[in-house]
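Fold and geometry: a report
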Amino acid sequence: MRMIFTLNKYYKTLLSVVLMSVTSWAIAQERTVNGTVTSAEDGTGLPGVSVLIEGTQSGTITDIEGNYSLTVPGDNASLIFSFIGFEQQKINVAGRSSVSVSMAVDLMSLDEVVVVGYGAVKKSDLTGSVSSVKAAEINAFPALSAVQTLQGRAAGVQISSNNGGQPGTNYSIRVRGVSSINSSSEPIRVVDGFVGAEMPPPQDIESIEILKDASATAIYGSRGSNGVILITTKKGSSGQIKVDFNSSYSFQNTTNKLELLDGPEFASYIQNFSPNYEYLGSNTDWQDEIYRQGMIANNQLSVSGGTDNVRYYLSGTYFDQDGVVIGSEYNRYSLNANMDVKANEFLKFGLNLYGRRSQDEGIRTQEGSGGSGQAGVVGAAMRFNPDLGIYNEDGSYTVAQVGDQIDNPYAMATEYDRERITDRFQSINFAELVITEWLSFKTTLGIGVTNWRDGEFWPTTLIRGAGSDGLASVDAQKQTSFLSENYFTIHKDFGQHRILWVNGYSYQKNSTESWGASSSGFINNAGRFWALNQGATPSTPSSGYSQSSIKSFYTRLNYTIMDRYTFTFTGRRDGASNFAADKKWGFFPSAAFAWDVKGESFLKSVDVIDQLKMRVSYGSVGNQAIGPYQSLATLSVRNPHIAGTNALGVGSLANNVLSWETTNQFDLGADIGLVKGRVNLTVDYYNKQTKDLLFNRPLPSYIGVGSQWQNIGVLENKGFEFSVNTRNLVGKVQWESNFNISANRNKIVELADSVQIYGASPGHMLLGSSQLLLEGESIGVFYGYEYQGIYQNGDTFLPGSGFEQEAGGEKFADVSEDGELSNDDRKIIGNPHPDFIWAFGNTVSYKNFDLNVFFQGSHGNDMLSYTQMELETLSGKANASRIALRAWTPENPNTDIPKASSGRTYKVSSRWVYDASYVRLKNIALGYTFPTALLNGLHIRSLRIYASAQNLLTITDYPGLDPEVNYQNSSRNIGLDYASYPNVRTYTFGINLGL
């Protein structure tokens, strides 16, 4: 035992000597390096420059004078100096103890790679019109979808909410105007090569490219007529494992409230129609009853890293929102995983998995009918008696005592039960084989499955449910998409020539399965929509299946000569199952040319110009965005007169020539860089003409079928886009500005029947037509009477059935000049399309602080408000706005508000068309990034905290809740407002932590 102890002691002593020697050697290898980082432009010290030891996460930042001090592990260590607005530098220490650096301003890099369809090209070789939005802009504020954060970020792209600030609401995207009338005008979305895939949460997106002209979109052929949005998700990188946690918490409030009559004022107003009406004793502000403080919790955790051969990125996100209207909630769990593997020098492959579950607790807004028992929450809040409380004496909910019998808004918000659960899974798999140094092959397989279930229950505590002893329904749908992309890429430089040639084949198949059932007559409300079998009166169940597919062959050749002249030729042949047997295939070509004028000898010596590139393109793209089987004759269910029997009747007529809608587009553009990259401009003019419109043409009633899809009509969009990025200050204080403005003019050149009058008003208002399709005009211009104020005593009253002919009544123009009022006196009274849209952002940073201010605006667009019409017609059918207090009476004739009159009907007129222009402070954010030197000892890679506010200020003359809404949203129902969910003002506090 003594021998063992002695040996152990010997080994311990020897080990201690070895460790001391190694430690002494390591300490001897360490070296303290200091220096100063200055601007090459003016020689001033640069504060906040990141100084990182290559291959590690260790480093520091420069102080206010540009000085730094850092301990490096050896004489051969390399330091990487990086700073926004300046070119990154790598310096080898080479045994020195002092390393000072002069950093040059970073000119716009023409070698930057821009993602385009089926690959990427150098920015210098880009011939099409493409707008890029990077991760910092996408994550400027917490949002459900990256689409929301794109608003105002790219010229020529108009994005608006379909229903204010409702949790889970969709956004409408228009790239260079509305390109179709009856079929979709939404651009396609391509996620990592998967056409039609779902966008992951904003935190998982690296960049978004928006393809706008035919040269850029023609590679997508049949799906490119409305533009293309390319989403590139985040990937891992080789090196140490990075753990990032991003968390934010937001508070939300309504941006506006309607000014309505209170309880006593309402009673006095109703007495104009019912003199015996008595004040019911309450004074309830129903907007206060349904609005609350909303909140958003948004948390994301990601892990990324890898080696030179395997890279990975794994992210999980939880988004939870309680809306500002009680009863409205939305939450989403999502998981995103990317892996890239380099098997050898010739083969690499990858996998992108995305899954999410969302739950939408929706309330009823923007209702199609607000009649008896049908009003939504916001619609009821503006119409319901303010002299009633929430409950009757017996504890039951109050119902309206004036006009349509509707539920009170609190009851609708808390008792109506609607829940949608959506599951989405998508997988994008790819393999890329390098055949030679200039030839490669890539294959992509995408699979996407979306399942949703929608449950709805009207309990007996609500009017509609009481009339049916409870009414429940369950609907479900499964959508499956399969995509196979296979293409060869030739990338070859020879002498002064450079080619990039893509040739491929694509196949995509989509299928939809749907089913639903409903029942009524329940014993109690306990089972909600999960107890359909308990209903005494089940309805006929429904189910359906549809399938469509597209096959495509495509090619794109980029040819550059002398680094100055670039030609692009694109062609795609698409076959779509939607069309007639002999009309399924279409060919969509494009050509483009770009000239790098700066590369010419006569401009090389002009120092103020860094870049001048001229672009021109022309091409065709297609649209097949209609449902399957539209070219075929179909049968539909009919209700026979004999109980217990079934019947079928003609549902649609065959169209044996139904084919592609085609958009031809010309684009002329320029990219300009000035003053050493301090000013960068992009200018584009475009002219798009869509012909053979996929138009759902109304048919005469005697045919027995309401409409038929036909290729008829021509639509034109032309406009101008301008964007500029400036680096105003690049020293200790950095200031960068971004501004873009675009104007689009939409016009119907040719139409099936020259004119079509249609309407999309709430059913209970019985309005009929309100919009117009007319050759020479924009889509969906408003159509109605020209309002001229009110009649006064002594005026000449124009005769006309349904029109007032007394003092205090509404006065309209005799447009037809026939001495009376009729339908012939209607005219165009407004245009929902904006004259121009714009955005202006500024980012200022000083030391570790950064401030971002972002404005966005729309000008010249009109809005037809059914909300104001219902509140201010003053016919005694519901509550009214406070203008009723200024209504005409014999004692108050000097007013512009007509008298209260029960005989007045709703009429579409210029009185209800408003200028919906607005300027909005979209986002303001202040952040602080903690110094790296402070965080190193805490094993923290990065830490930033910030506070921001969204929609803090809106300047508009629009009298409704908000000018940014879309009632009955479609390509032709534009600029309408009725009972929309209010927009919200948001205050956010967040943290970005990197380990």
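To be clear, the structure that these remarks concern was listed above.
Let us look at the structure shown here. (Residues numbered from 1 in each chain as written. Predicted model: local features only at pLDDT ≥ 70, side-chain atom pairs only at ≥ 80, totals over all residues. Heavy atoms only, no water.)

1. Focus: a nonpolar patch on the surface
- Among the surface-exposed residues, Phe-346, Leu-347, Phe-349, Leu-433, Val-434, Ile-435 and Phe-488 lie close enough to one another that they form a single nonpolar patch of about 580 Å² accessible area.
- Among the elements of the structure, strand E21 (347–361) and strand E22 (417–434) are those that each provide at least two residues to the nonpolar patch.
- Within the fold, Phe-346 resides in the loop between strand E20 (329–342) and E21.
- For Phe-346, a relative accessible area of 52% gives the class exposed. (Patch = residues over 30% accessible without salt bridge, like charges linked within 9 Å, V, L, I, M, F, W, Y side chains within 5 Å. Areas by Shrake-Rupley, 256 points an atom, 1.4 Å probe, with all protein chains shown as cover. Salt bridge = Lys/Arg side-chain N within 4 Å of Asp/Glu carboxyl O. Helix = DSSP H or I, 4+ residues; strand = E, 2+ residues; numbered from the N terminus. Buried < 20%, exposed > 50% of the residue type's maximum accessible area, 1.4 Å probe, protein only.)

2. Examining a negative patch on the surface
- Negative charge collects at one region of the surface, where Glu-817, Asp-818, Glu-820 and Asp-824 lie side by side.
- Within the element layout of this structure, Asp-818 appears in the loop between strand E43 (810–812) and strand E44 (827–830). (Lys, Arg positive; Asp, Glu negative; His and termini not counted. Charge placed at Lys NZ, Arg CZ, Asp CG, Glu CD.)

3. Side note on the pairing of strand E2 (residues 50–53)
- Here E2 shows a clear split, with Val-51 and Ile-53 buried on one side and none of Ser-50 and Leu-52 buried on the other.
- Here three bridges tie E2 to strand E3 (residues 59–61), and the two strands are oriented antiparallel to one another. Bridged to Val-51 within E3 is Thr-60.
- Here E2 pairs with strand E5 (residues 78–82) via four bridges, running antiparallel. Within E5, the position partnered with Val-51 by the bridge is Phe-81. (Pairing = 2+ DSSP bridges.)

4. Re the sheet that holds strand E1 (residues 31–39)
- In spatial order, the strands read E4-E1-E7; together these three strands make up an open sheet with mixed pairing. Strands at the two margins of the open sheet, each flanked by one partner only, are strand E4 (67–72) and strand E7 (101–103). Each strand of the sheet is rotated relative to its neighbour by a mean of 30°, with strand direction disregarded.
- The pairing of E1 with E4 spans six bridges and is antiparallel. Counted as the bridge partner of Asn-34 is Ser-69 from E4. (Axes fitted to C-alpha atoms, helices over the stretch in contact; angles between N-to-C directions.)

5. Observations concerning the pattern of salt bridges
- The final tally for this structure, using the stated rule, is 37 salt bridges.
- Linking Lys-134 and Glu-209 is a salt bridge whose minimum nitrogen-to-oxygen distance equals 3.7 Å. On the criterion of sequence distance, the pair formed by Lys-134 in strand E10 (residues 130–134) and Glu-209 in strand E15 (residues 205–211) is long-range, its members being 75 residues apart.
- Judged by relative accessible area, Glu-209 falls into the buried class, the value being 1%.
- Because the salt bridges share partners, they merge into one network encompassing Arg-176, Lys-212, Arg-615, Asp-667, Asp-671, Asp-684 and Glu-721.

6. Section: the side chain of Ser-590
- Note that Ser-590 resides in strand E29 (residues 585–596).
- Ignoring sequence-local partners within four residues, the contact set of Ser-590 consists of Ala-214, Ser-215, Ala-218, Thr-568, Phe-569, Thr-570, Tyr-618 and Gly-619. (Contact = heavy atoms within 4.5 Å.)

7. Examining the environment of Glu-456
- You can see Glu-456 is positioned in strand E23 (residues 439–458).
- Among the residues examined, Glu-456 registers a relative accessible area of 23% and is labelled partly exposed.
- Contact partners of Glu-456, with chain neighbours within four places excluded, come to Tyr-416, Asp-417, Arg-418, Leu-471, Ala-472, Ser-473 and Phe-529.
- Of the polar contacts made by the side chain of Glu-456, one reaches the side chain of Tyr-416; its length is 2.5 Å. (Polar contact = N/O pair within 3.5 Å; in protein donor to acceptor, adjacent residues only side chain to side chain.)

8. Points about the sheet that holds E2
- Spatially, E3-E2-E5-E6 is the arrangement adopted by the four strands of the open sheet, whose pairing is antiparallel. Of all the strands in the sheet, the pair left with one neighbour each is E3 and strand E6 (89–92). With strand direction ignored, the average angle separating the axes of adjacent strands in the sheet is 20°.

9. Thoughts on the packing of aromatic side chains
- Using the criterion set out here, one finds 32 aromatic pairs in the structure.
- For the pair Tyr-785 and Phe-812, a centre-to-centre distance of 5.7 Å together with 55° between the ring planes defines the contact as tilted. Remark: Phe-812 occurs in strand E43 and Tyr-785 occurs in the loop between strand E41 (781–784) and strand E42 (787–790); sequence separation between them is 27 residues. An identical accessibility class is assigned to Tyr-785 and Phe-812; each is buried.
- With a centroid separation of 4.9 Å and 85° between ring planes, the pair formed by Tyr-791 and Phe-797 is classed as edge-to-face.
- Accessibility expressed as a relative area gives 30% for Phe-797, which makes it partly exposed. (Phe/Tyr/Trp six-rings, centres within 6.5 Å; stacked < 30°, edge-to-face > 60°.)

10. Side note on the side chain of Ser-215
- Summarising the element assignment, Ser-215 is placed in helix H4 (residues 214–217).
- One polar contact links Ser-215 to Thr-127, side chain to side chain, over a distance of 3.4 Å.
- Ser-215 has contacts with Thr-127, Gly-128, Thr-568, Thr-570, Ser-590, Ala-592 and Ser-617, leaving out every residue within four places of it along the chain.

11. Some words on the nonpolar core
- If you look at the biggest cluster of nonpolar residues, it comprises 52 residues, and the most contacted ones within it are Val-325, Leu-864, Tyr-866 and Met-869.
- Mapped by element, the contributors of at least two residues to this core are helix H6 (286–290), helix H7 (377–383), helix H8 (409–415), strand E47 (862–865), helix H11 (866–872) and strand E48 (913–915).
- For this core, the element with the highest residue contribution is H7, accounting for five residues.
- The residues contacting Leu-864, other than those within four sequence positions of it, are Ser-770, Phe-782, Val-908, Trp-912, Val-913, Gly-975, Leu-976 and Asp-977.
- The next biggest cluster of nonpolar side chains, apart from the first, holds 22 residues, and it includes Tyr-171, Ile-173, Ile-210 and Leu-483. (Core = buried A, V, L, I, M, F, W, Y, C linked by side-chain atoms within 4.5 Å.)

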